[in-house]
Amino acid sequence: MINFKEKIAKAIAKVTNLDEKELATYIEIPPNSDLGDYAFPCFKLAKALRKAPPVIATEIKNNIEVDEKIVEKIEIVGGYLNIYINKETLAQNVLNEIAEKKEKYGSSNIGQGKNVVIDYSAPNIAKPFHIGHLRSTVIGGALYKIYNFLGYNSVGINYLGDWGLQFGKVMAGYDMWKDEYDFSKSEIQAILKIYVRFCQEEKEKPELTEKAREYFKRLEDGAEKEVETWKWIRKISLENYQKTYNLLNSKFDSYNGESYYNDKMEPVVEELRNKGLLKESEGAQVVDLSEYDMPPCIIITSAGTTIYATRDLASLKDRINKYNFDKAIYVVGNEQRLHFKQVFKVLELMGYPEYAARCEHVPFGLVVDKTGEKIGSRKGNSVFLEDILKEAIQKVEKIIDEKNPKLENKEEVARKVGVGAIIFNDLSNSRIKDEIFDWDMLLNFQGETGPYIQYIYVRTRSLLEKAGYVPNLENINCGKLQEKEAIETLKLLYNFNETVQVAAEKNEPSIIARYLINVAQSFSTFYNEHKIITEDKAIQDARLALTYAVGTVLEIGVKLLGMEMPEKM
């Protein structure tokens, strides 16, 4: 693929004697294509060249040497050079590259040999998968795929909440009331009911809290009965979660949760103590971070127990040793921002500044309904993600029954569209914003939604099926793709790799989601303005090649987000 920016920067560098790599960073994409395909702001050179921007622009235009197969023309507007690239060259490059690389189009090896550890999802076991964990799971799953696509070795870690006093409550409640519940339909739901009942009853009976502590103490001490019960709860929880992960196309390489670090925290506490970082504060052991405008990071509570920060430091030390990571990403809600700032700073003070610099908290907003209220309960009951996904699939099945009742593989199509709608709704806006959950909006086949992208993809497939062939690029006259709408679509396709790279740099999957909407809308405009199947074979072949390219990129893009494409809708 020709790097147009690089070619333009190199030509400008020969005229100005300035660094071409720096010049390439100045090149912009104009907001309006009438102003060119690229724009170069000459005012950025005024200080170095000691000339007025319009003078610089004129001198560059008069002296630049660039192949006409790369640049068609250059115009001066104020202090800008507006650069128009050769449309036929653009079309040839994009269509050839997509036809050759297929599902690898847009990928790269920039991350080759580098490990990226991504900590995401992390539900609490002994409970069904709550909708509150949707965002971490979907954002983290997309980042896992994006980094792999760019040549990195992604390591997905599901840091399960599988330890703590709640298990003492579950075990005590299970022993007392297990005969009162039906475990045959859903073991995890029965366990949840016992846990909820225990939490309600202990408000009136404080002795239950002490009983839970006794059970958890026996678990910590390795008592056989409690350990076996804990293993069973963990097993059925993971089996339950896996159904949801399969639907969301989420993959993990490690399920090491909080329990895994029980014997790894004391060495961290000793290291902090030996390095003079631990101080006593109101009976607790803390690391003083006042010098960095942060409250103290508690390592040992006044009750003598470890805390989240202790476990996170132990897990970081473990991940350094296991993966020697180039990046460690934590996809955790925005409310944990201070916690991670503290943990990363303590890691730095412990003598690991290079690894602390590679750690990044990737925060996100809440899931809210269209009134802005947090979705966490429905009539007092938890909202489970499995129920939401099933409801989405059922709603799509109903739409199919109304609009296309004879569609083959209805169940499979409904699954891909329903689950895809949930995923895309989560990823379509900046992750830091709250996600608005509105059935009417997310299942809209005409709006900026997952189903809309899938619909445009299916349209590309039906056009190729109607034509009966995908044209051989050797026989295509790319000069036949000169329409403004075709060029706008080709320019978007050309920028796919750069879009994926920016999404990785910012840990922001929404950049890809918005890009896919732009591609789908651009092709829809082209399709509505120009017939694909036409009497002129040369024009038809060129337009079919563009149709194939659009479908390919849409499919690659949604896979990076964790979605699947139906072949028909």
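Let me sum up the structure you'll find in this document. Sequence order as written defines residue numbering, which begins from 1 separately in each chain. Restriction of local features to residues with pLDDT of at least 70 applies here, the model being predicted, together with a cutoff of 80 or more for giving and counting side-chain atom pairs; totals for whole chains, interfaces and linings are based on all residues. Hydrogens are left out, water is left out, and the side-chain values use all remaining heavy atoms of the structure.

### Here's the deal with the pattern of salt bridges
Working step 1: For this analysis, a salt bridge means a side-chain nitrogen from Lys or Arg found within 4 Å of a carboxyl oxygen belonging to Asp or Glu. By the definition in use, this model includes 40 salt bridges.
Working step 2: Between Lys275 and Glu271 there is a salt bridge, with its nearest N and O atoms 2.8 Å apart.
Working step 3: In this structure, the salt-bridge partner of Glu567 is Arg461, at a minimum N-O distance of 3.1 Å. Of the two residues, Glu567 sits in the segment after helix H22 (537–561) while Arg461 sits in helix H18 (residues 450–467), which places them 106 residues apart along the sequence.
Working step 4: Classification of Arg461 as partly exposed rests on a relative accessible area of 35%. The way it works is that DSSP assigns letters per residue, a run of H or I at least four long becomes a helix, a run of E at least two long becomes a strand, and they are numbered from the N terminus. Relative accessibility decides the category of a residue: with a 1.4 Å probe and only protein chains considered, values under 20% of the type maximum give buried, values over 50% give exposed, and everything between is partly exposed.

### Structural notes on the pairing of strand E6 (residues 278–281)
Working step 1: Note: E6 against strand E7 (residues 284–287), 4 bridges, orientation antiparallel. Bridged to Ser281 within E7 is Ala284.
Working step 2: Two strands pair under a simple rule: DSSP has to find at least two bridges between them. Where E6 folds back onto E7 in an antiparallel hairpin, the turn is made up of 2 residues, including Glu282, whose phi is positive at roughly 55 degrees.

### Some thoughts on the packing of aromatic side chains
Working step 1: In this scheme Phe, Tyr and Trp rings, the latter by its six-membered ring, pair at centre separations within 6.5 Å, and the angle between planes marks the pair as stacked below 30 degrees, edge-to-face above 60, and tilted otherwise. Applying the stated criterion across every chain yields a total of 26 aromatic pairs.
Working step 2: Between Phe129 and Tyr245, the ring centres sit 5.4 Å apart and the planes meet at 80 degrees, which makes this aromatic pair edge-to-face. Of this pair, Phe129 sits in the loop between strand E4 (115–119) and helix H6 (134–149) while Tyr245 sits in helix H10 (residues 224–248); the two residues are 116 residues apart in sequence, bridging distant segments of the chain. Each member of the pair Phe129 and Tyr245 is classed as buried.
Working step 3: Here the aromatic residues Tyr120, Phe129, Tyr241, Tyr245, Phe252 and Tyr255 are joined through ring pairs into a cluster of three or more.

### Re the sheet that holds strand E8 (residues 297–300)
Working step 1: Ordered by their spatial adjacency, 3 strands build an open sheet running E6-E7-E8, and the pairing between neighbours is antiparallel. Every other strand in the sheet has two partners, leaving E6 and E8 as the edge strands with one partner each. Ignoring which end each strand starts from, the neighbouring axes of this sheet average 45 degrees apart.
Working step 2: Looking at chain direction, E7 and E8 are connected through 3 bridges and run antiparallel. Bridge pairing links Gln285 to Ile300 in E8. Orientation is described by lines fitted to C-alpha atoms, with helices fitted over the stretch in contact, and by angles between N-to-C directions that extend from 0 to 180 degrees.

### As for the environment of Leu35
Working step 1: Along the chain, the position of Leu35 falls in the loop between helix H2 (20–26) and strand E1 (38–41).
Working step 2: Exposure remark for Leu35: the relative accessible area of 38% places this residue in the partly exposed category.
Working step 3: With 49 residues separating them along the chain, Leu35 and Tyr84 place their C-alpha atoms 8.4 Å apart.
Working step 4: Beyond its immediate stretch of four places on either side in the chain, Leu35 contacts Pro30, Asn82 and Tyr84. Working rule for contacts: check all heavy atoms of both residues, and any pair within 4.5 Å makes them a contact.

### So, the side chain of Asp119
Working step 1: On the secondary structure map, Asp119 appears in strand E4.
Working step 2: Nitrogen and oxygen atoms within 3.5 Å of one another constitute a polar contact, given that in protein one can donate a hydrogen and the other can accept it, and given that sequence-neighbouring residues count only through two side-chain atoms. Within the structure, Asp119 has its side chain in polar contact with the side chain of Arg319 (distance 3.0 Å).

### Structural notes on a negative patch on the surface
Working step 1: Note that patches include only residues with greater than 30% relative accessible area and no salt bridge, and the join distances are 9 Å for like charges and 5 Å for nonpolar side chains (Val, Leu, Ile, Met, Phe, Trp, Tyr). Here, Shrake-Rupley sampling with a 1.4 Å probe gives the accessible areas, and only protein chains in the shown set may cover a residue. Residues counted as positive are Lys and Arg, residues counted as negative are Asp and Glu, and His and the chain ends are not counted. Every charge is mapped onto a representative atom, which is NZ of Lys, CZ of Arg, CG of Asp or CD of Glu. A grouping of Glu6, Asp19, Glu20 and Glu22 is seen on the molecular surface, where their side chains present a negatively charged patch.
Working step 2: With respect to the helices, strands and loops of the structure, Asp19 is situated in the loop between helix H1 (4–16) and H2.
Working step 3: Assessed through its relative accessible area of 46%, Asp19 is described here as partly exposed.

### A word on the sheet that holds E4
Working step 1: Here 4 strands make up an open sheet; going across it, the order is E5-E4-E9-E10 and the pairing parallel. If you trace the sheet from one side to the other, it starts and ends with strand E5 (153–157) and strand E10 (359–362), each paired once. Taking the axes of each pair of neighbouring strands and ignoring which way they run, one obtains an average angle of 20 degrees across the sheet.
Working step 2: As paired elements, E4 and E5 share 5 bridges and run parallel to each other. Pairing of Asp119 across the sheet is with Ile157, part of E5.
Working step 3: This element, helix H12 (residues 308–323), spans E4, E5, strand E9 (327–331) and E10 of the sheet and lies at about 150 degrees to E4.

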